Structures are given as structure tokens and as C-alpha cells.
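# Working through the structure, step by step
Spelled out from the first residue to the last, the chains are:
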Amino acid sequence: MRILTANQIREVERKCFDAYSTEAELMLRAGTACYQSIVKKYGDSIRNSRVSVLCGNGKNAGDGFVIAGLLCSFGANAKIILCHYAPTIPEPLMYYRQAMDRGVEVLNYSADALDCDYIVDCMFGIGFHGQPRPPFDTIFSQLRDSRATVIAVDTPSGTDSTTGQVCHNCVSADYTIAISTLKYAHILPPANSYCGEVDVADIGIPRDCYDVCKVNTIEKRDILLPCRNTNDNKGSYGKMLNICGSYKMPGAAVFASLAGIRTGAGLVKVDTPRDAYPLVECHTCQPVFNPLPQNTDGTLSADAIAHIKDDIQWADSVVLGCGIGLNDDTKAVTEYVLQNSKSPIILDADGINCIIESIDILKEVKAPVVLTPHPGEMSRLMSTTVAEVQQDRIGCAKKLADKYGVVVVLKGANTVITDGEDVFVNTTGNPGMAMGGTGDMLAGMIGGLVAQGVAPFDAAKYAVYLHGLCGDIAVSELSMRGITVFDMIDRLGALMSDFE
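The structure reproduced in this document is the subject of the present report.

### Concerning the layout of surface pockets
Within this model, the largest pocket holds a volume of roughly 990 Å³. Considering the residues around the largest pocket, the lining is formed by 34 residues, among which Gly412, Ala413, Asn414, Gly429 and Asn430 are closest to the centre. At the level of elements, helix H6 (184-187), helix H15 (438-451) and helix H16 (456-477) are the ones that each hand at least two residues to the lining of the largest pocket. Broken down by element, the lining of the largest pocket gets its largest block of residues, four residues, from H15. Class assignment for the residues of the lining of the largest pocket results in eleven nonpolar, 19 polar and four charged. The space that makes up the second largest pocket amounts to roughly 800 Å³. Surrounding the second largest pocket, 31 residues form its lining, Gly58, Lys59, Asn60, Phe124 and Gly127 being those nearest its centre. Secondary-structure elements contributing two or more residues to the lining of the second largest pocket are helix H1 (6-19), helix H2 (23-42) and helix H3 (60-74). Broken down by element, the residue count for the lining of the second largest pocket peaks at five residues, all from H1. For the lining of the second largest pocket, a count of residues per class yields 14 nonpolar, eight polar and nine charged.

What follows is the structure, given as C-alpha cells:
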């Protein structure tokens, strides 16, 4: 699914107007598609309900006039609420008059209009930025206090469709109908939290109008895993090395290892400190273990490098950093692996923290590298703040990937995956996954796929999508608050059957 900025969707529509349809035709299709989405979502509860269609001064209002007329025909008591003044733009004016000819009641805005069952927000769409001016500042604030179900057309009023920023009294929708395709407001914080459930309404714009698109979501159909053949053996499916864990954080090694196994890696080896070994082994006995020299705090000693040397030559992928801790010795281990591994490296958690002061080492690495930072780690990598990262997640991820020639997986809601040129945004997953260990699981999944021969960028995309889907399945079967990483890993094995 494409994700566009406001200017990009305007360019798409311009190309459509030039070659395929008039603006009036496209507006009618948009309003009709939104009406159909509303009926599909809310069904017979719309009949005989009180619906206020709040319309502004721009073209988004034209969609609202079409929606109001169709909802009245469906049996709803739908009213057009003019939030400022009557339309003057030719296309919206035409549908405004048609709605009135159908008998749709038109009212000027007052707070009484919000005393209804449903509110359809057609005030701005993609045209909003900054802060609302009168009378919309008052309307936004009053709308936030309404108990009605709020349906936003394209984007909730008060969200910036390009940056994902919001105004101080942004409209919070229960359901948002994205016209034609997703916009950045649907996937970037904080605007994505104001959209509620998002549905994309196809209005029939031909594919050749979308050549401006550079960002896409990950779709199930995109995931293409290697085939398995009758005469294959464990060596056919790759060797994954996990340099993970410490005495205080053995779970990181457990989750990464189990995830690699469940994703299909043929052989998994765990290099972990001696005191962590029994804690890891009691939760998974399938990997091969290499208990390594350690410091007094139970983290890897620099002496472990002599033992890791042969293991990185053995491996087809290396997962490095989950739970290893941050000190001079773990920095030395991390730098050695980066400088000497010939196989792709998935650098996560403390592995990332270990190179923050020497990040230029990434420019010297000969093997492909996948970095999997959360926003805090990303801010340290880029010498900025978490807030600045979150304000420009796609831009920050692209900049880091391009500068150092790596794949970046910027974790969080709507995880961003980029190689510096192509960008993908994930839409699976949920807040129930916000707990320790899910990142270790993701790193292990990427490592497991890379070990099987999947290209690192593709492996990152696939793993992020599947990881979120595991969380969604676990939540649907258990609860948002009650799932664990083990619950997600348990469901990963069965989920893989959908892709075999």
C-alpha cells in the first residue's frame, strides 16, 4: 500500500485529471467510496441514526455533500453542517446543491450539531497544517467533547497529513477513511493515534498516476520465503550465530534463539557468558551452545573474542548485541565482529549502544549490516533527541541508512524499514507488544531469515511484518495486557505455514 504526502497525492490527482477523469467525477467517486465504507463498517446502525456531516470551505467538503446525500437515501437522518460558509468552489458547490435537491437539511454550525449519533468530519482532509483559526478552533475543541462516533474523511481535522504533527485540539476519530491511499498522518506519530481504525477507499485512480510514490506499507503478498525441497537437510537452511545475553539478561539470548529457530534456521548457535548459559539452556535446548569467558558482572569478556573468531566464520548470519551489556569489553567484542564477519550482521540493543561513540566503524564493515534501534537508540546514533526522531521517523531512518550503507529498522508503532532509498512502513502489531524482549525476538527472526538466504533488506521487512502479526494473533487469543514474548514465539511456528 502506498503512503503519500499531501503534495504527492495532489500530483497524483492532477495526473488523473489530465488523462482520465474530471475533478467533479473524482469527487463523486471519493464521496461514494466513503459512504460505502461507512455502511460497511456500521451497517444498519446508520439507518434512522442522527448524522452530522461537518463541512469546511475546501474540496473535502464536496466529499461530505456526496456522503450526506447518500446517507439520507440509506435511511439516516443526515444533515450538512456548514462550519464556516457555503461552498464557492465549483465542484463542491455542485454536490452541495444536489444534496439540497435531495432534501438534505443544511444548518450553520452550532454546538447542538454535535448532539448526534455519528459525526462525519469533512472540514479539512489533507489541507490542514499549523493551528486552527476561528471558527475551527472552537469547533475542534467542542468536537473533542462530543460523545458521538467520529468518522474522519481522509485525515482527522487537525492532523498534518505530510508530517504527522497535530494541533493542540486535534479531532480524535474513531474511524478514518483514507481516500485513494494512506497518508503520512495515518502512520506517523502523533497523528496516527488520532485516526482510530483506518480504512483505505479505492476511488479508481489508475496505477500509472502514482509514480511519485516512494514509501509503501509491507503487505502479506510481499513475503516470499525460500522453498523447501525433499532432499534438504539442516545445513540447507542456514547457520545462525547469536552473540547475545548476559547473567542479568539471559532472556535476550533465549528470545533471539527461539525466534531464529521458529523462523526456520537450520542450525542456531548461542555464544553467551558462562554464567548465563544454564539460564538460557533451561528455556531452549535446540541450539548449540558456546559458553564464553566473562567479566565479574556476568557480561562477555574481551577474552571471548578468541572463541568467537571461529564461530563467525561458521555462521551464515550473526545476531549481535541482545542483552550483552555496555562496557569496554562488550565494545571490543562488538567491534571485532563488525570488522571480521563476512556474513550479514543484525546489530541490536547493546550492540548498537556499543558503537555509538565509534559509529564510523559501520563505513568499514564489509558484510551487510541491519541496525534495529528503538527511538532512544536512534536518537543517540544521530546525536539528537527522541522527540526529533519521532517527528521525522522516515527521514531519520533514511539519513542513517544512506550515510552508513546499512539497513535500518526503526522500531515502534509503524516500524520503518529502509536501505536509504526504498522505504517500507509496517502496519501489523499493537500496544500489547510494548514489553521487554520483543526486540530480541525481532532480531532473531531477521537473523533466522538471513541465515536461510533471504537478502537482509527483505529479511528485515518480512520479519517486522510477521513479528507484528504474531503480536496481533496473541492479543486476539489472550489479551492486550496479558501476552508475553513466549506467547508470540509460540504462535510464530504456526504462522509460518501461511508462507510455505
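### Comments concerning a negative patch on the surface
A surface patch of negative charge is lined by Asp402, Asp419, Glu421 and Asp422. Inspection of the secondary structure puts glutamate 421 in the loop between strand S18 (416-418) and strand S19 (423-425). What makes glutamate 421 exposed here is its relative accessible area of 62%.

Parameters at a glance
Residues numbered from 1 in each chain as written. Predicted model: local features only at pLDDT ≥ 70, side-chain atom pairs only at ≥ 80, totals over all residues. Heavy atoms only, no water. 1 Å grid on protein atoms, 1.4 Å probe; cavity = no way out; pocket = protein on both sides within 12 Å on 5 of 7 lines; lining within 4 Å. Points joined across faces, edges and corners; volume = space filled by probe spheres on them. Helix = DSSP H or I, 4+ residues; strand = E, 2+ residues; numbered from the N terminus. Nonpolar A, V, L, I, M, F, W, Y, C, P; charged D, E, K, R; others polar. Patch = residues over 30% accessible without salt bridge, like charges linked within 9 Å, V, L, I, M, F, W, Y side chains within 5 Å. Areas by Shrake-Rupley, 256 points an atom, 1.4 Å probe, with all protein chains shown as cover. Salt bridge = Lys/Arg side-chain N within 4 Å of Asp/Glu carboxyl O. Lys, Arg positive; Asp, Glu negative; His and termini not counted. Charge placed at Lys NZ, Arg CZ, Asp CG, Glu CD. Buried < 20%, exposed > 50% of the residue type's maximum accessible area, 1.4 Å probe, protein only.

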